[in-house]
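# Results of the structural survey
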Protein chains: 2
Amino acid sequence: MASKVKKRTLINDIASHLQVSIATVSLVLNGKAKQSRISDAVAQRVLAYVEEVGYKPNQLAKSLRTGKTHVIGLVVEDISNPFFATVAWLIEKQAFERGYRIIYCSTDNDPAKTRELISMFQERHVDGFIIVPSEGIEKEVGAILREHTPTVLFDRLLPALPTNYVVVDGAQGTYAAAGHLLEQGYRHIAFVTTDSQQTQMEERLRGYTRALHEHNLTPLVKRVTVTKETEKLVADIQEFIQHTTPCDAIIFATNYLTIYGLEAINHLQRRIPADLAIISYDDHDLFRLYSPAITAIAQPVESIAKNVIDILLQELQHPTEPVAEPAYQVVLPTELLIRCSSLRQGRQPE
Amino acid sequence: MASKVKKRTLINDIASHLQVSIATVSLVLNGKAKQSRISDAVAQRVLAYVEEVGYKPNQLAKSLRTGKTHVIGLVVEDISNPFFATVAWLIEKQAFERGYRIIYCSTDNDPAKTRELISMFQERHVDGFIIVPSEGIEKEVGAILREHTPTVLFDRLLPALPTNYVVVDGAQGTYAAAGHLLEQGYRHIAFVTTDSQQTQMEERLRGYTRALHEHNLTPLVKRVTVTKETEKLVADIQEFIQHTTPCDAIIFATNYLTIYGLEAINHLQRRIPADLAIISYDDHDLFRLYSPAITAIAQPVESIAKNVIDILLQELQHPTEPVAEPAYQVVLPTELLIRCSSLRQGRQPE
DNA sequence: ATGAAAGCGCTAACAA
DNA sequence: TTGTTAGCGCTTTCAT
């Protein structure tokens, strides 16, 4: 032994120093002094000494023993997307206050990576899951459910699975957005979405389509193939805009599609909203700042986070009997934030 | 017992099913079959059965026994900042490939929260730390060092502590930026920074100041108080711009300061770069997209991530003797990405 | 080449 | 009221 490493304090050290048994120490530390009728005097001495030496129980050992880690696994699509970052942050904050820790990871919407992450979280024995499910992971989520690990999905759901979830009424959002554009006099409204079949994307498309049909207009839908090569995405959108005539307005189905769309529109030198009106599903700091400011269908991030964590903690504390019908399925409304990008020339928001 | 929960497979189940001892199973699973001279036949049978039933060792028990968790704690200032998000993502990717998991948390630059997070990571027995230190946590980091837990700081360092670190030469970055503005003929160049005393912020200020002094110009420095209320920040910058005359160029010391600055400039209806040239320390997707595109002092994110993880894994695998001089202290260069916001009218980048 | 057994640090049932 | 002790699931030494 080259250098003597300072040994960490153990529960044993506490007990022997104080001349009490380790059970006493453990009980006091876990707030069970009263119910085990340990004298206040002893309890005080234990607490004081623990504080003094800064003793921290080994969570690994504790978790192994109790089967509880007080850790929640949060699996989102992309933690660098402001929407997920904000929701994750709010969830973390509230969970922390109630004694739970969050560990999060991004799936990049890749089913294989999602599977790997779920598996890793299971190995680490998370007490519960919060998942933004990518396509094709019904089996894995089903397995979690079967083990009765409390789980809440958000942003989108898996129709085949009876789970708790918190989602947003995207159809209502795009329906309102299209309605707003129609009211402004736009008639050739396109919708740019991804090639994903996920529920939230299909809902957004549905709201748009319904609005157009009600006005006897033909939907103009572009499904972009999602890829890491952003240049390809931009080029794809650019080509769509160029070849779609007439087209005087576009609703983008996600905030990043809007960003690529703005780049495409810049390349084409079209003016917003003079040549082309723009609305983004999901807001972004950039949209407030952009000139002109971009109209957005905002999602209620605080409410999403609050519902998700409330449901999960409820399940964690009072596990529901595994019945066919999950107890909590929440659908929240969006809010249309009208800014300059969707207004006829000369008009002002509000 | 209302419902029988399907028991998870244990190493015991594997051993007894295969009629071998648990030691054999463990050895095979940990790749020590050869060195323990276990027959290939047995090893194969074990592997096959483990695969078949999908057995996963309990990491909690494993870690408790070995003292290794194969988890690295990553403590950054704000995971929703694209700079940290990108570096974190790159670090995670490389760590994952080498069998390590990352758990990350944001400090919001709050020393109390930082302490809490470090403490939580220690309780969870992370094998190593990657830390973006907020001010006033020398004591905590010192304690980690004393326990010989491998640690790397990045983005900024703690001058009082002999640690491994990976930082960027911010002074060189702002010096070059100021030089570029001077070359473009700007003479009244301001510098907007925060009230933080952290090394990276001081370095950035130093580079700017040196450039101006070399040209016998007076530095115009604004230190903004960082706050959650973004309106206050914007108003603060706006007031500074309004009351600083003459002023024909500004270097912002962080990307978010630039974003607030742009909002302030919009309010004031100043044109970029006709009325005011702009350069941002640290790039951002938005800056490429903005009209006009914003010149930025870009940090080498890939290189930062690679250096950080290489150093940490090196220490994890071959712990250096705790000597006074830490082995790895890396300073990386920045790159000035010249875009339209810093060019005299009519000129084009490149 | 394989098995028995001693812990890692903690909790909680049971004894005293 | 407090102490003793049997595990939680795994790794690894040592004996066979």
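Residues numbered from 1 in each chain as written. Chains lettered and ligands numbered in written order. Predicted model: local features only at pLDDT ≥ 70, side-chain atom pairs only at ≥ 80, totals over all residues. Heavy atoms only, no water.

## Quick look at the side chain of Thr69 of chain A
Structurally, Thr69 of chain A is set in the loop between α4 (59–66) and β1 (71–76). When sequence neighbours within four positions are dropped, the list of residues in contact with Thr69 of chain A reads Ser63, Arg124, His125, Val126 and Asp127 of chain A together with Leu60 and Arg124 of chain B. (Helix = DSSP H or I, 4+ residues; strand = E, 2+ residues; numbered from the N terminus. Contact = heavy atoms within 4.5 Å.)

## Considering the relation of the copies chain B and chain A
Put simply, the second copy of the chain is the first one after a rotation about an axis and a shift along it. When chain B is fitted onto chain A, the two copies agree to an RMSD of 0.1 Å after a turn of 180° and an axial shift of 0.0 Å. The transformation relating the two chain copies, once decomposed into turn and shift, fits a two-fold axis. Same-surface contact between copies: 100% of interface residues of chain B are shared with the interface of chain A. (Least-squares fit on C-alpha atoms with pLDDT ≥ 70 in both.)

## Remarks on the protein's contact with DNA strand D
Residues in contact with DNA strand D amount to 28 residues; listed here are only the nearest, Ser21, Arg37 and Arg65 of chain A together with Tyr55 and Arg65 of chain B. Within 4 Å of the protein, the atoms of DNA strand D are drawn from sugar and phosphate moieties in a proportion of 65%. With respect to DNA strand D, the side chain of Ser26 of chain B contributes an N or O atom lying 2.9 Å from a phosphate oxygen. Take Tyr55 of chain B: an N or O atom from its side chain is 2.6 Å from a phosphate oxygen of DNA strand D. Elements represented by at least two residues in the surface near DNA strand D include exactly α2 (22–29) and α4 of chain A together with α2 (22–29) and α4 (59–66) of chain B. (Near = heavy atom within 4 Å. Polar contact = N/O pair within 3.5 Å; in protein donor to acceptor, adjacent residues only side chain to side chain.)

## Describing the domain arrangement of chain A
Its domain assignment divides chain A into domain 1 (11–57), domain 2 (66–168 + 301–332) and domain 3 (170–299 + 336–342). Between the C-alpha centres of domain 1 of chain A and domain 2 of chain A there is a distance of 36 Å. (Domains from an automatic or database assignment.)

## Section: the protein's contact with DNA strand C
Contacts to DNA strand C come from 26 residues, most closely from Tyr55 and Arg65 of chain A together with Ser21, Arg37 and Arg65 of chain B. Close to the protein, within 4 Å, the atoms of DNA strand C are drawn from sugar and phosphate at a rate of 70%. Contacts to DNA strand C include Ser26 of chain A, whose side-chain N or O atom sits 2.9 Å from a phosphate oxygen. A distance of 3.3 Å is found between a phosphate oxygen of DNA strand C and a backbone nitrogen or oxygen belonging to Ser39 of chain B. Those elements that provide at least two residues to the surface near DNA strand C are α2 and α4 of chain A together with α2 and α4 of chain B. Looking at the surface near DNA strand C, the element that brings in the most residues is α4 of chain A, giving 4 residues. A per-class count over the surface near DNA strand C returns 12 nonpolar, 9 polar and 5 charged. (Nonpolar A, V, L, I, M, F, W, Y, C, P; charged D, E, K, R; others polar.)

## With respect to the sheet that holds strand β7 (residues 220–224) of chain A
All names here are of chain A. Read across the sheet, 6 strands follow the order β7-β6-β8-β9-β10-β12 without closing on themselves; strand pairing throughout is mixed. Strands at the two margins of the open sheet, each flanked by one partner only, are β7 and β12 (335–337). Along the sheet, successive strands turn relative to each other by an average axial angle of 20°, direction set aside. Here helix α9 (residues 199–214) sits on the sheet and contacts β6 (189–194), β7, β8 (249–252) and β9 (277–281); the angle it forms with β6, its principal contact strand, is near 170°. Sitting on the sheet, helix α11 (residues 255–268) is in contact with β6, β7, β8 and β9, with an inclination near 155° to β9. (Pairing = 2+ DSSP bridges. Axes fitted to C-alpha atoms, helices over the stretch in contact; angles between N-to-C directions.)

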